[in-house]
Amino acid sequence: MKPDIYIKVRFKTNEEAGRKTSLKRKTPLGPDFYGCPLMVDGKAYDCRLLIGDKEIELGKYYEIPVKFLDKDLALPNLTLGKSITLWEGKQVADGQIIKICI
């Protein structure tokens, strides 16, 4: 999958009312992604975080490529530096857009 954007993001720890566990590679063969809504200005866009074979630890910053299920809906509402939130039944991560792939 080719990414639509890159985000710099930090997943909240369990103590911060975030996830209880880190994000791990989904399967031994792929595709290695994590699906969740990405929130921008109160609007949610379904996406896949392309984590590859990385384990994403809570409380640390990562630069992660993102693929939208409907990029034509999402991309017109995104700009560099825009704040984002990742949602998993609650706010689990905060970050910002650092690159838009056109």
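Source: prediction; values computed, not measured.

Enquirer: Explanation requested: the environment of Ile98 in the structure shown.
Expert: Mapped onto the elements of the fold, Ile98 is located in strand S6 (residues 91-100). Here Ile98 falls in the partly exposed class, since its relative accessible area comes to 30%. When near neighbours in sequence (up to four residues on either side) are disregarded, Ile98 contacts Tyr6, Ile7, Lys8, Glu63 and Leu80.

Enquirer: I'm lost on the sheet that holds S6 in this one. Help?
Expert: Pairing between sheet strands relies on hydrogen bonds along the backbone, with the strands arranged either parallel or antiparallel. The sheet built from 6 strands closes into a barrel, its strands ordered S1-S4-S3-S2-S5-S6 with antiparallel pairing. Across this sheet, the average inter-strand angle for adjacent strands is 45 degrees, counted without regard to direction.

Enquirer: Looking at this structure, I do not really get the pairing of strand S2 (residues 34-40). What am I missing?
Expert: As paired strands, S2 and strand S3 (residues 43-49) are joined by 7 bridges and run antiparallel to one another. Across the sheet, Met39 pairs through a bridge with Ala44, a residue of S3. Of the pairings in the sheet, the one linking S2 to strand S5 (residues 83-87) comprises 2 bridges and is antiparallel in character. Looking at the pairing, Met39 lines up with Thr85 of S5.

Enquirer: Could you clarify how one ought to interpret the pattern of salt bridges in this entry?
Expert: Two side chains with opposite charge may pair up if their charged atoms get near one another. In total, this model carries 5 salt bridges according to the counting rule given. For the salt bridge of Asp41 with Lys82, the shortest nitrogen-to-oxygen distance reads 2.8 Å. Taken together, the residues span a long stretch of sequence, with Asp41 in the loop between S2 and S3 and Lys82 in the loop between helix H1 (71-74) and S5 at a distance of 41 residues. For Asp41, a relative accessible area of 61% puts it in the exposed group.

Enquirer: How should I be thinking about the nonpolar core in this particular structure?
Expert: Soluble globular proteins tend to pack their nonpolar side chains together in the buried interior. Of all hydrophobic cores here, the largest spans 24 residues; its most connected members are Ile7, Leu38, Leu49, Phe68 and Leu86. Broken down by secondary-structure element, the contributors of at least two residues to this core are strand S1 (5-11), S2, S3, strand S4 (61-68), S5 and S6.

Enquirer: Whenever I open this one, the packing of aromatic side chains confuses me. Can you help?
Expert: Both the distance between ring centres and the angle between the ring planes are used here to describe each pair of aromatic rings. According to the stated counting rule, one finds 2 aromatic pairs in the structure shown. Between Phe11 and Tyr34, the ring centres sit 6.4 Å apart and the planes meet at 75 degrees, which makes this aromatic pair edge-to-face. One end of the pair, Phe11, is in strand S1; the other, Tyr34, is in strand S2, with 23 residues separating them in the sequence. Judged by its relative accessible area of 6%, Tyr34 is buried. With 6.4 Å between their ring centres and 85 degrees between their planes, Tyr45 and Phe68 make a pair best called edge-to-face. Note that Tyr45 is positioned in strand S3 and Phe68 in strand S4, a separation of 23 residues in sequence. An identical accessibility class is assigned to Tyr45 and Phe68; each is buried. We note Lys8 situated over the ring of Tyr61; from NZ or CZ to the ring centre the distance is 5.5 Å.

Cut-off values and rules
Residues numbered from 1 in each chain as written. Predicted model: local features only at pLDDT ≥ 70, side-chain atom pairs only at ≥ 80, totals over all residues. Heavy atoms only, no water. Helix = DSSP H or I, 4+ residues; strand = E, 2+ residues; numbered from the N terminus. Buried < 20%, exposed > 50% of the residue type's maximum accessible area, 1.4 Å probe, protein only. Contact = heavy atoms within 4.5 Å. Pairing = 2+ DSSP bridges. Axes fitted to C-alpha atoms, helices over the stretch in contact; angles between N-to-C directions. Salt bridge = Lys/Arg side-chain N within 4 Å of Asp/Glu carboxyl O. Core = buried A, V, L, I, M, F, W, Y, C linked by side-chain atoms within 4.5 Å. Phe/Tyr/Trp six-rings, centres within 6.5 Å; stacked < 30°, edge-to-face > 60°. Lys NZ or Arg CZ within 6 Å of the ring centre and 35° of its normal.

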